[in-house]
Amino acid sequence: MRRRMYFLLPDLASAQRTMSDLLLARIEERHIHFMARDEMDLEGLHEANLLQTSDIVHGAEAGLVIGGFCGLAVGAVAAFFPIVGTHPQWELMIVTAPLGALFGAWVSSMIGVSVPNSRLKAFREPLERGMILLMVDVRERRVEEIREMLKEHHPEAHMEGIEAAIPAFP
């Protein structure tokens, strides 16, 4: 399991040096994400994408559950009030529950893509002041090693927290 570590960096030069050190520590680039205010150029850095900056994942998860329950309910109603025949058609629930889950996940992810990531709310003010947010996903056994390495080589990097990482897509 991976953990996401958050660090605030003061400027682009510090972020570039930190990226180099993380790559030398054998952290793959796809697990390193930088975020700054919109007008800041993050030249040479792996910028955060929609998975990190929006609530698309949270939206899809919520939509999957809610849509699944709604599909199950629609299937149950349809089973009790059959269109064809007089006996309940329980097979409808097997079809409507996954369809409802998929539809709910799709609709909710479309909404979530336009909503800023709620986990990053605490970083809005530092980002507006010109700081750069580093999100690095590391294996649980390497968290302490990476924390110590950044503390030693980059005292300007302020650690802001650790949480379970969202699975990365290759």
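What you see is a predicted model; the values in this text were computed from it and never measured.

What counts, and where the lines are drawn
Residues numbered from 1 in each chain as written. Predicted model: local features only at pLDDT ≥ 70, side-chain atom pairs only at ≥ 80, totals over all residues. Heavy atoms only, no water. Helix = DSSP H or I, 4+ residues; strand = E, 2+ residues; numbered from the N terminus. Rg over C-alpha atoms; globule rule 2.2 N^0.38 Å. Contact = heavy atoms within 4.5 Å. Areas by Shrake-Rupley, 256 points an atom, 1.4 Å probe, with all protein chains shown as cover. Pairing = 2+ DSSP bridges. Axes fitted to C-alpha atoms, helices over the stretch in contact; angles between N-to-C directions. Domains from an automatic or database assignment. UniProt positions renumbered as here; feature names shortened; annotations may be inferred.

### Describing the overall build of the protein chain
Working step 1: If you tally the helices and strands in the protein chain, you get six helices and four strands.
Working step 2: For the protein chain, the α and β elements follow one another from N to C terminus as β-α-β-α-α-α-α-β-α-β.
Working step 3: Its C-alpha radius of gyration of 22 Å places the protein chain more than 25% over the 15 Å reference for a compact globule of 170 residues.
Working step 4: Counting only C-alpha atoms and orienting by the principal axes, one finds that the protein chain spans roughly 75 × 35 × 25 Å.
Working step 5: Residue pairs in contact within the protein chain that sit at least 24 positions apart in sequence constitute 80% of those at least 6 positions apart.
Working step 6: For the protein chain, the exposed area adds up to about 10,200 Å²; of that, 63% sits on carbon and sulfur atoms.

### Notes on the sheet that holds strand β4 (residues 158-164)
Consider a sheet: its strands pair through backbone hydrogen bonds, and that pairing is either parallel or antiparallel.
Working step 1: With respect to topology, four strands assemble into an open sheet ordered β2-β3-β1-β4, the strand pairing being antiparallel. Across the chains shown, the open sheet's two edge strands, defined by having one partner strand only, are β2 (32-35) and β4. Sheet twist, expressed as the average angle between the axes of neighbouring strands with direction ignored, equals 20°.
Working step 2: The sheet contact formed by strand β1 (residues 2-9) and β4 spans six bridges and is antiparallel. Its bridge partner being in β4, R3 is matched across the sheet by A164.
Working step 3: Of the strands in this sheet, β1, β3 (132-139) and β4 are in contact with helix α6 (residues 143-153), which crosses β1 at around 15°.

### Structural notes on the domain arrangement of the protein chain
Working step 1: Examined at the domain level, the protein chain breaks down into domain 1 (2-52 + 119-162) and domain 2 (56-113).
Working step 2: The C-alpha-based centres of domain 1 and domain 2 are spaced at 39 Å.

### Observations regarding the UniProt feature "transmembrane region" (unreviewed entry) in the protein chain
Working step 1: The sites that carry the UniProt feature "transmembrane region" (unreviewed entry) are, in the present numbering, residues 62-84 and 90-115.
Working step 2: Secondary structure across residues 62-84 comprises 83% helix and 0% strand; the distance between its end C-alpha atoms is 33 Å.
Working step 3: Taken end to end, residues 90-115 comprises 85% helix and 0% strand; its first and last C-alpha atoms sit 38 Å apart.

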